[in-house]
Amino acid sequence: MRSVMAASVGLLGLLLTVSGLALWVLGDQTSALVPLPLAITGIPWAPLIWVLGIIVMLSTALAQTLRVKNYIMWIALLVVGYLAVFAVLVSFTSLILQ
Amino acid sequence: MKKGSIVTADEDSILQPIVKTGRAFYIFVGTLLLLTGWFLFSWYTQLNEGLIVTGMRSIFNAPNYMAPNVSGGSPWGIYLANFVFWIGISHAGIAISASVRLMNLKKYQVVARMAEVLTLVALPMAGLTIIIDLGRPDRIFNMLEFGRFQAPLIWDLTAITTYLMGTVIYLYLSLRGDLDDVALRLPRRQWFYKLLGMNYEGTETDKERHKQTLWWLAVAIVPIMVTVHSVVSFVFGLMVARGGWYSSIFAIYFVIGAIVSGVAAVYSVAWIFRWVYRWQSLITDEVLKGISWALRNVLILYIYLWIAEELTTRYMGPEAELRVSEFLWSGPYAIIFWPMAILGFGLPAIILLKPLFGKRIFNPRLTFLASIILNVTLWVKRFVIVVPSLLNPTLYPTGFYMPTLTEVSITLGTFWIAALLYVAFIKLFPIIELDVVRG
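Small disclaimer: the values here were computed from a predicted structure and weren't measured.

Draft legend 1. Highlighting the overall build of chain B. Scanning chain B for helices and strands turns up 16 helices and zero strands. Its C-alpha radius of gyration of 23 Å places chain B within 12% of the 22 Å reference for a compact globule of 439 residues. Taken over the C-alpha atoms alone, chain B extends approximately 80 × 55 × 45 Å along its principal axes. Put simply, chain B has 439 residues, and 56% of those count as buried.

Draft legend 2. Highlighting the environment of B:I130. Residue and element names in this part refer to chain B. Relative to the helices and strands, I130 resides in helix α5 (residues 109-134). Between the alpha carbons of I130 and V84 there is a distance of 9.8 Å; along the sequence they are 46 residues apart. In this view, I130 contacts L80 and F83; residues no more than four positions away in its chain are not counted.

Draft legend 3. How the structure looks around the side chain of B:H229. Residue and element names in this part refer to chain B. With respect to the element layout, H229 can be found in helix α9 (residues 204-237). Its relative accessible area of 0% is what places H229 among the buried residues. Of the polar contacts made by the side chain of H229, one reaches the backbone oxygen of F254; its length is 3.4 Å. Here H229 is in contact with V84, I87, G88, H91, F254, V255, A258 and R382, once residues within four sequence places are set aside.

Draft legend 4. Expanded view of the environment of B:A112. Residues and elements named next belong to chain B. Its place among the elements puts A112 in helix α5. Judged by its relative accessible area of 1%, A112 is buried. Separated by 319 residues in sequence, A112 and I431 have C-alpha atoms that sit 8.9 Å apart. In contact with A112, not counting residues within four places along its chain, are S97 and E433.

Draft legend 5. Highlighting the nonpolar core. Residue and element names in this part refer to chain B. Core analysis: the largest hydrophobic core is formed by 156 residues, its most contacted members being M114, F236, F273, I283, Y422 and I431. Per-element accounting of this core gives the leading share, 16 residues, to helix α4 (residues 78-102). Apart from the residues within four sequence positions on either side, M114 is in contact with V269, A270, F273, W279, I283, Y422, I431 and I432.

Draft legend 6. Examining the interface of chain B and chain A more closely. Facing 37 residues of chain B, the contacting portion of chain A comprises 40 residues. Summed over both sides, the interface of chain B with chain A buries roughly 3700 Å², with 76% coming from carbon and sulfur. Together, B:L144, B:F149 and B:M198 form the three largest contributors to the area buried by chain B at its contact with chain A, with a combined 18%. If you look at where chain B meets chain A, you find zero salt bridges. At the level of secondary structure, the elements contributing two or more residues to the side of chain B that touches chain A comprise α3 (23-49), α6 (141-146), α7 (152-185) and α9 of chain B. The class makeup of the residues in the side of chain B that touches chain A is 19 nonpolar, 10 polar and eight charged.

Draft legend 7. View of α4(B). Residue and element names in this part refer to chain B. Look at α4: 36 Å from first C-alpha to last across 25 residues, which is about the 36 Å you get at 1.5 Å a residue. Burial analysis of α4 places 23 of its 25 residues in the buried class, which makes it a mostly covered element. Just downstream of α4 lies N104, where phi reads positive at about 55°.

Draft legend 8. Representation of the packing of aromatic side chains. Residues and elements named next belong to chain B. Counted under the stated rule, the structure contains 37 aromatic pairs over all chains. Seen from their ring centres, F85 and F415 are 5.7 Å apart, and the 40° between their planes marks the pair as tilted. Of this pair, F85 sits in helix α4 while F415 sits in helix α15 (residues 405-428), and the two are 330 residues apart along the sequence. Given the relative accessible area of 5%, F85 is considered buried. For F415, a relative accessible area of 26% puts it in the partly exposed group. Centre to centre, the rings of W215 and W216 are 5.1 Å apart; their planes meet at 85°, and the pair counts as edge-to-face. For W215, a relative accessible area of 35% puts it in the partly exposed group. Of the aromatic side chains, those joined through ring pairs into one cluster are W76, F236, W245, F250, Y253, F254, Y302, W306, W329, F337, W338 and F345. For the cation-ring pair, R296 lies above W293, with the distance from its terminal atom to the ring centre recorded as 5.3 Å.

Rules behind the numbers
- Counting restarts for each chain: residues are numbered from 1 in the order of the written sequence.
- Written order determines the labels here, with chains lettered from A and ligands numbered from 1.
- Local features in this predicted model are restricted to residues whose pLDDT is 70 or higher, and side-chain atom pairs enter the listing and the counts only when it is 80 or higher, whereas totals over whole chains, interfaces and linings include all residues.
- Side-chain descriptors were evaluated using all non-hydrogen atoms of the structure, hydrogens and water having been removed beforehand.
- Put simply, DSSP H or I for four residues or longer makes a helix, DSSP E for two residues or longer makes a strand, and each gets a number counted from the N terminus.
- What the globule rule says is 2.2 Å times the number of residues to the power 0.38, and the radius of gyration is computed from C-alpha atoms.
- Using a 1.4 Å probe on the protein chains alone, a residue whose accessible area is under 20% of its type maximum counts as buried, one over 50% counts as exposed, and one in between counts as partly exposed.
- Whether two residues touch is decided by their heavy atoms; if any such pair falls within 4.5 Å, the residues are in contact.
- The term polar contact refers here to a pair of N or O atoms within 3.5 Å; inside protein, the definition further demands a hydrogen-donor-capable atom paired with an acceptor-capable atom, and it admits residues adjacent in sequence only when both atoms are side-chain atoms.
- Joining through side-chain atoms within 4.5 Å is the link that ties buried Ala, Val, Leu, Ile, Met, Phe, Trp, Tyr and Cys residues into a set, and such a set is a nonpolar core.
- Put simply, buried area is the surface a 1.4 Å probe can reach on two separate parts but cannot reach once they are joined, added for both.
- The term salt bridge refers to a side-chain nitrogen of Lys or Arg lying within 4 Å of a carboxyl oxygen of Asp or Glu.
- Only Asp, Glu, Lys and Arg are considered charged in this grouping, and only Ala, Val, Leu, Ile, Met, Phe, Trp, Tyr, Cys and Pro are considered nonpolar; every other residue, Gly among them, is considered polar.
- Between the first and last residue of a helix there are one fewer steps than residues, each counted as 1.5 Å, and that sum is the expected span.
- A pair of aromatic rings is counted whenever rings of Phe, Tyr or Trp (Trp by its six-membered ring) have centres within 6.5 Å, and the orientation is called stacked for planes under 30 degrees apart, edge-to-face for over 60 and tilted otherwise.
- In our convention, an over-ring charge means Lys NZ or Arg CZ found within 6 Å of a ring centre and within 35 degrees of that ring's normal.

Okay, structure coming up:
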């Protein structure tokens, strides 16, 4: 059961990573390297999807060792914690900079 | 006997930092908190007044012959040097720990967690330094929203995030088994350890599953580790317009430099723990000697790469490269360069090579001194990589760079915070894996 869960998590992470990168490449409007017509779509947050995909992929190790509810707690902690660092920094520094 | 109960003197000894808190500890932490307060004040000053409080791009550092309104100095200063330094420190942590697992080096398991925690505190400090260097941290989300995948700085963000997440997961899984034992030893904090342990059963199947998962995680994390420092080097090495940077050797040069500073840091930390907690029976001379041998070998490799790089530049380098080299050899930064080369690298090299000759005596204290000197030197080395090239672009020199008190206070602040985080960890969790004394 845990192996199935771990494999699913790994695949989901891989999917997010590839999707994030693909959206990023296609959405990049200024790239000289990727002059695709689709480039004008400009999909925001693609880098974030990419980074989240990497986090999910790494969490395969947790899925292999933890119960489902504990795994969900952990992955939520990692993602929310990661974004919270940015959010707290932005909030505090915005206050000071105002 | 209850499963996992603490019985041996060695296990008690490992838990010493958690259960015993002396006056020296409070003095140490109090001092660190005061210094961190100074760091926060300095950062507040920088946020409030802008990067003008730093020595970067100051008009006062512009050369005399330029128009007075032209900015001078370097756009990157000690913050960037500090960033590269912390990334370097973060290297050895997982490198040593992963080597212990992948190559079954049981002898060094005693320092594995010390090394992992070093990685865990060093990486956020690297990130913090970059955020400080941005000047406008309120715009940090822009990196995630508008980052361009062609930019090495974005590769950095990705690689460091991946490495940090990998390290957190790796450390948690290696720690999970010990949490159960610590909970039994400290009934008052039991809820905390039980919560973190997340229903760890401690059965043979559970242990085996953790062991296998950690092994595979170690396999995955070693290439990530190499990637992180290679990517840091690409921030410099892919910039064609800067003398002293554009080089194919930079990635390996940075990775080896990182391993030198990381292994030196692990040696320093291990020696300090051994001295403070009298862990001579746990962190034996043999263990320290092994680490010092690794340090010696990578140091020799690093010096070799450095000489190869200098020779290529000095023999027939392009003008911009030669100008940077002259700036270091006989220019304004010679006062940093030569002491760094002779005392910073030469002296530790002699100390580390000494056991190879004569009586082959290994001196842990002298090697500790060498490891400290090496870490200071490698910080300075990163400074002389970053700044002189920026002061000598291809057209004309842009002046001089001297860090201000605010910059120095902020940079030192990352060290106080790192020390605080490390101390917080050792007050909560065993810094040596309990498996070490259980065989």
